[in-house]
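Residues per chain are reported as follows:
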Amino acid sequence: MTEKLKREKMMRNYMSQLALGLKPYTPGEQPKDKTYIKLNTNENPYPPSEIVKTAIYGAMDKLRLYPDPEATELRETISDYFNRQDKDGSARLTAENVFVGNGSDEVLAFAFPAFFTARSIVFPNVTYSFYPVYANLFQTQYREIPLREDFSIKVEDYTSLSQKVSDLSGILLSNPNAPTGRSLTRDEIAQIVASNPDSVVVIDEAYIDFGGQSVVDLVPLYDNLLVVQTLSKSRSLAGLRVGFAIGSETLIQALNRVKNSFNSYTIDRLAMEGAKAAILDETHFDATRNSIILTRERVSARLADLDFNVLPSKANFLFITHKTKPASALFSGLRKKGVLVRYFDKPLIDNFLRVTIGTDEEMDVFLKCMEELIIESGNS
Ligand SMILES: Cc1ncc(COP(=O)(O)O)c(C=O)c1O
């Protein structure tokens, strides 16, 4: 029997029907062959603050002990943070409105068995590609709603949806959307949440701190709103794996039921202390996200000069397409020059590149490589 046939036989024998049928998510490359300028996974180019490093180091002595399964201090730090942000003082969040997970991916994954399994959800046809993967894993029917031609979300497509989609249990929107970077306003999301009172509306705010309007302050007003955020992007902690959700006590309880049926300790001691320190260090947070926003605007303007169509972005990445040069060729050309960006070989977006905003120095190298590629291919 050939190796291939043997492997196939073992797969059929040992894997469940569920595992056999899965099409897992493909994360952006984490290359090991050489050092690249990494603009492909929307990581933050700036390191976490010294305060975070000290907090993580300080937690090491207690590593022999299990962490708090309820992550109470971290949840309090998060609810206090949002109460401080709310200028008119109407926010009334407590730790009971907060759920924390091992990255926001885990929070989003738990949302499926907590709210959606065996029922239907909707999300846009161009969005975070983990959503359909979770839907398949957790046996949830999904309908993809087409974006407009300019990749914006048409709000009316999402209002009063229960009249249009049978057995609707939820709406999943990334705001700003990934990989487009386009965003909805707070009022537009409020309209969607208010007009679908019997469905859970999950707003994935992974990139919200780079200029979008958060809807966390709407949580006390709507029991069906769950806002998911992460410390991976604006707080430079992708490697620590901490994400969280803010919602009504009922929604948070549902997430806890799922989590506690799966793993009591999803957040380790180092992650717990590092995350608390990162949320408290608002100075570092503001300085680094403001740098990223400034760099984004500078790079957008320069790319427009180079004949790129640059979608308006409120995220730490740009979604771009060139008037004449195919995205796939630019992607390989950049890779050869040591710059990694993200290319999705998928319908509708296969002529686009998603470029994470790095430091000014990294983006200067990126722009220089792009200029060279455009000149080189122009002459060929
Ligand atoms: C839209 C969106 N949501 C969620 C995540 C997950 O982030 P993490 O699991 O690192 O919190 C990502 C990561 O790239 C993302 O792009």
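Criteria and thresholds
Residues numbered from 1 in each chain as written. Predicted model: local features only at pLDDT ≥ 70, side-chain atom pairs only at ≥ 80, totals over all residues. Helix = DSSP H or I, 4+ residues; strand = E, 2+ residues; numbered from the N terminus. Expected span 1.5 Å × (residues − 1). Buried ≥ 20, exposed ≤ 12 C-beta atoms within 10 Å, placed from the backbone. Contact = placed C-beta atoms within 7 Å. Axes fitted to C-alpha atoms, helices over the stretch in contact; angles between N-to-C directions. Parallel < 35°, antiparallel > 145°, perpendicular 65-115°, else oblique. Left-handed = near helix turned anticlockwise from the far one by under 90°. Nonpolar A, V, L, I, M, F, W, Y, C, P; charged D, E, K, R; others polar. Core = buried A, V, L, I, M, F, W, Y, C linked by C-beta atoms within 7 Å. Domains from an automatic or database assignment.

Trainee: Now, about helix α4 (residues 72-85): what can you tell me, with residues and values included?
Mentor: Between its first and last C-alpha atoms α4 spans 20 Å; for 14 residues at 1.5 Å apiece the expected length is 20 Å, and the two agree. Considered for burial, the residues of α4 that qualify are Leu 74, Arg 75, Thr 77, Ile 78, Ser 79 and Phe 82. Looking at the packing, one finds that the buried side of α4 touches β2 (98-101), β8 (243-247) and α9 (269-280).

Trainee: Which residues make up the packing of helix α3 (residues 50-58) against α9, and what values go with them?
Mentor: Across the interface, α3 lies against α9 with an axial gap of 8 Å and an inter-helix angle of 155°. Judged by the angle between their axes, α3 and α9 are roughly antiparallel. Handedness of the crossing formed by α3 with α9: right-handed. In contact with Ile 51, Val 52, Ala 55, Ile 56 and Gly 58 of α3, α9 contributes Leu 270, Glu 273, Gly 274, Lys 276, Ala 277 and Ala 278. Taken together, the residues that form the contact of α3 with α9 break down as seven nonpolar, two polar and two charged.

Trainee: So what about the nonpolar core? Which residues, and what values?
Mentor: When a protein is soluble and globular, its nonpolar side chains tend to lie buried together. Formed by 99 residues in total, the largest nonpolar core has its most connected members in Ala 111, Val 227 and Ala 275. Among the elements that line this core, the one with the most residues is helix α5 (residues 103-116), at nine residues. Shared between two domains, this core holds at least three residues of each, these being domain 1 (27-47 + 284-379) and domain 2 (51-280). Among residues more than four places away in sequence, those in contact with Ala 111 are Phe 116, Val 202, Leu 226 and Leu 255.

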